[in-house]
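Fold and geometry: a report
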Amino acid sequence: MKRIPWGPIRSSLTDNFSFGDIKLIVGYADINMSGLAHLEQKYQGGASKSQLLSEIDKQVGAMSGEAVGVVASICCEEMLRKKPQLIEDLERVLSSSLSE
């Protein structure tokens with residue numbers, strides 16, 4: 001069985017979820033939340049969604065392939081729990097990634 005890649009999950013998080021939602025979703029996976037604690041979205045001078053995802057990318061990049069697959073799977077489950085209407089979008093992006 002092929003592992004779910006991080007890239008399509010990251011794109012779906014970017015397109016469909018707020019900064020706070022992204023933190024909540026990745027919090028269920030094996031992401032070190034204390035490594036993200038300094039990132040807060042504020043009206044002025046706060047972190048952007050892009051900065052948050054870059055910090056998550058650093059952690060994901062340091063993981064084994066198997067660990068990345070677990071993180072991606074958990075994120076998918078949480079994304080669909082929050083927004084079930086994303087199932088078609090995720091099936092589309094993942095089917096092309098998994099068939100390669």
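Residues numbered from 1 in each chain as written. Predicted model: local features only at pLDDT ≥ 70, side-chain atom pairs only at ≥ 80, totals over all residues. Heavy atoms only, no water.

Attention now moves to the overall build of the protein. For the protein, the helix and strand inventory stands at 5 helices and 0 strands. In the protein, the succession of helices and strands from N to C terminus is α-α-α-α-α. Counting all 100 residues of the protein, 36% fall into the buried class. Excluding contacts between residues fewer than 6 apart, the proportion of contacts in the protein whose partners are at least 24 apart in sequence is 69%. Here the protein has roughly 5,900 Å² of accessible surface; of this, 50% comes from carbon and sulfur atoms. Here the protein carries 11 positive and 13 negative side-chain charges, and the mean point of each set is 4 Å from the other. (Helix = DSSP H or I, 4+ residues; strand = E, 2+ residues; numbered from the N terminus. Buried < 20%, exposed > 50% of the residue type's maximum accessible area, 1.4 Å probe, protein only. Contact = heavy atoms within 4.5 Å. Areas by Shrake-Rupley, 256 points an atom, 1.4 Å probe, with all protein chains shown as cover. Lys, Arg positive; Asp, Glu negative; His and termini not counted. Charge placed at Lys NZ, Arg CZ, Asp CG, Glu CD.)

This part takes up the pattern of salt bridges. Scanning all chains against the criterion turns up 5 salt bridges. For Asp-57, the salt bridge goes to Arg-10, with nearest N and O atoms at 2.6 Å. Taken as a pair, Asp-57 in helix α3 (residues 49–61) and Arg-10 in helix α1 (residues 6–16) lie far apart in primary sequence, 47 residues in all. Note on Asp-57: relative accessible area 25%, which makes it partly exposed. Since its relative accessible area comes to 22%, Arg-10 is described here as partly exposed. Asp-89 is the salt-bridge partner of Arg-92, the closest N and O atoms lying 3.2 Å from each other. Placement of the pair is Arg-92 and Asp-89 together in helix α5 (residues 87–98), with a separation of 3 residues, close to one helical turn. Classification of Asp-89 as partly exposed rests on a relative accessible area of 32%. (Salt bridge = Lys/Arg side-chain N within 4 Å of Asp/Glu carboxyl O.)

Among the structural elements, Gly-61 can be located in helix α3. Along the chain, Gly-61 and Trp-6 lie 55 residues apart, while their C-alpha atoms are 9.4 Å from each other.

The α-helix winds at 3.6 residues per turn, so residues separated by three or four positions along the chain end up facing the same way. The terminal C-alpha atoms of α3, which comprises 13 residues, lie 18 Å apart, in line with the 18 Å expected from a rise of 1.5 Å per residue. Within α3 the residues assigned to the buried category are Leu-52, Leu-53, Glu-55, Ile-56, Gln-59 and Val-60. The buried side chains of α3 occupy one side of the element, clustering within an arc of 155° when seen end-on. Facing away from the buried side of α3 by more than 90 degrees, the exposed set consists of Lys-58 and Gly-61. (Expected span 1.5 Å × (residues − 1). Arc of directions from axis to C-beta.)

The next thing to look at is the nonpolar core. Counting 29 residues, the largest nonpolar core has Trp-6, Ile-9, Leu-13, Val-26, Ile-31, Ile-56 and Cys-75 as its most contacted members. Only α1, α2 (19–27), α3, α4 (65–82) and α5 provide two or more residues apiece to this core. With residues up to four places along the chain from it excluded, the contact list for Ile-56 reads Trp-6, Ile-22, Val-26, Ile-31 and Leu-36. (Core = buried A, V, L, I, M, F, W, Y, C linked by side-chain atoms within 4.5 Å.)

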